[in-house]
Amino acid sequence: MSRTFLKMNGLGNDFVVIETLTQPFDPSAEEIRAIAKRGQGGIGCDQVVAIDPPKSEGASAYVRFWNADGEEAGACGNGTRCVAWLLMQSGGKDHVAFDTSAGRLSGVMAGDKRVTVDMGPPRLDWNQIPLSEEMDTARVELQVGPIDAPWVHTPVCVSMGNPHVVFFVDAPVTDEFAQKTGSLVEHHPLFPEGVNVGFAHVVSRDHIKLKVWERGAGLTAACGTGACAAQVAAVRRGLTDRVATVEFESGPLVIEWREADGHVIMTGPVALEFTGKLPETVSA
Ligand SMILES: N[C@@H](CCC[C@H](N)C(=O)O)C(=O)O
């Protein structure tokens, strides 16, 4: 029996969302790649998201994320807003909590098709990112490009349940630059689990322009955990205040690294594009 999916996006970062309440979903990497492929029979998306029945008290669901390359990811910020919105809509509620492999997340409605999610605290120790060697994650010894004239250098590393490296740049980077540099850094030996690569241009103390080369998905229109990581990185470097707008070419997210409890709070839009049936060839 083929299963129903929802196609959703957050600022153009797009997802195939599958609710697994009645039919378990245990896809192979090959099946995820077939769903995520754009054109040639695939539906096309940056990530596949499964909403499973809850495993613990107080949670409405257990949520899993896979990148387009078929690998599972610990966290996905834009996907988290989409899932929170769906669960609130179907449950007739204005708040929700659910679990992921990276921990408990929660969301509240923040307006029409806008959701605020609590992404929890960032992890900042070198072995939590993880890095392959001990280092100050606020000033990582890494440079890319010619040794005497690097294109980018001395980034900040942050885990939001998934690994991020954030380079600060003097001007917004082009897609070509993000692709060339991001693909080099994604599999650098310093990052044993790979890494999402952000290029952040700080416009003012409450405004960052960002582009992200995502691990396992490449250049995406926006990356929610990337926006959280960029704001945390900028605060650590003393470049922004606790609340900032993180702007992608596709639109803005508002990110607060809350002083009271150290949690990162993200607000942004959710879009439901269409629903459909997975091809029969996806048997998971
Ligand atoms: N698009 C996501 C991030 C998805 C996972 C990431 N590519 C990884 O491998 O960690 C977001 O909005 O955060």
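Residues numbered from 1 in each chain as written. Predicted model: local features only at pLDDT ≥ 70, side-chain atom pairs only at ≥ 80, totals over all residues.

**Q** Is there a simple way to explain the environment of V158 in this structure?
**A** One can find V158 in strand β11 (residues 156-159). In sequence terms V158 and E247 are 89 residues apart; their C-alpha atoms lie 19 Å from each other. Not counting the four nearest positions on each side in its chain, V158 is found in contact with P122, L124, H164, V166, A229, V232 and A233. (Helix = DSSP H or I, 4+ residues; strand = E, 2+ residues; numbered from the N terminus. Contact = placed C-beta atoms within 7 Å.)

**Q** Can you walk me through the site of the ligand in this structure?
**A** Near the ligand lie 20 residues; those nearest to it are G77, N78, N162, G224 and T225. Counting residues per element, the ones that place at least two in the shell around the ligand are α2 (77-91) and α4 (224-236). Considered class by class, the residues forming the shell around the ligand number four nonpolar, 13 polar and three charged. Both domains that meet at the shell around the ligand, namely domain 1 (4-119 + 270-277) and domain 2 (143-262), each give it at least three residues. (Near = placed C-beta within 6 Å. Nonpolar A, V, L, I, M, F, W, Y, C, P; charged D, E, K, R; others polar. Domains from an automatic or database assignment.)

**Q** Please explain the UniProt feature "binding site: substrate" (unreviewed entry) in the chain as it appears in this structure.
**A** Per the UniProt record, the feature "binding site: substrate" (unreviewed entry) sits at N13, Q47, N67, G77, N78, N162, N196, E214, R215, G224 and T225. In this structure, N162 sits in the loop between β11 and β12 (163-168). Filtering out sequence-adjacent residues up to four positions away, N162 remains in contact with A73, G74, A75, N196 and T225. (UniProt positions renumbered as here; feature names shortened; annotations may be inferred.)

**Q** How should I be thinking about the pairing of strand β2 (residues 13-19) in this particular structure?
**A** On a regular strand, each side chain points to the face opposite its neighbour's, so the side chains alternate between the two faces of the sheet. A large share of β2 lies buried, amounting to seven of its seven residues. Of the two faces of β2, the one carrying N13, F15, V17 and E19 and the one carrying D14, V16 and I18 are both buried. Relative to β2, strand β1 (residues 4-10) is paired through five bridges, and the arrangement is antiparallel. The residue bridging N9 from the neighbouring strand is D14, located in β2. Remark: two residues form the turn of the hairpin made by β1 and β2, two consecutive strands paired antiparallel; L11 in that turn has positive phi of roughly 55°. Here β2 pairs with strand β3 (residues 47-52) via five bridges, running parallel. Considered in β3, the bridge of E19 is made with I51. (Buried ≥ 20, exposed ≤ 12 C-beta atoms within 10 Å, placed from the backbone. Pairing = 2+ DSSP bridges.)

**Q** I keep staring at the UniProt feature "active site" (unreviewed entry) in the chain and nothing clicks. Help me out?
**A** Using the residue numbers shown here, the UniProt feature "active site" (unreviewed entry) corresponds to C76 and C223. Annotated residues spanning 148 residues; largest pairwise C-alpha distance 7.7 Å, indicating a single compact cluster. Looking at the secondary structure, you find C76 in the loop between β5 (72-73) and α2. Each residue touching C76, except ones within four places of it in the same chain, is listed here: Q47, F65, G224 and T225. Relative to the elements of secondary structure, C223 occurs in the loop between β15 (218-219) and α4.

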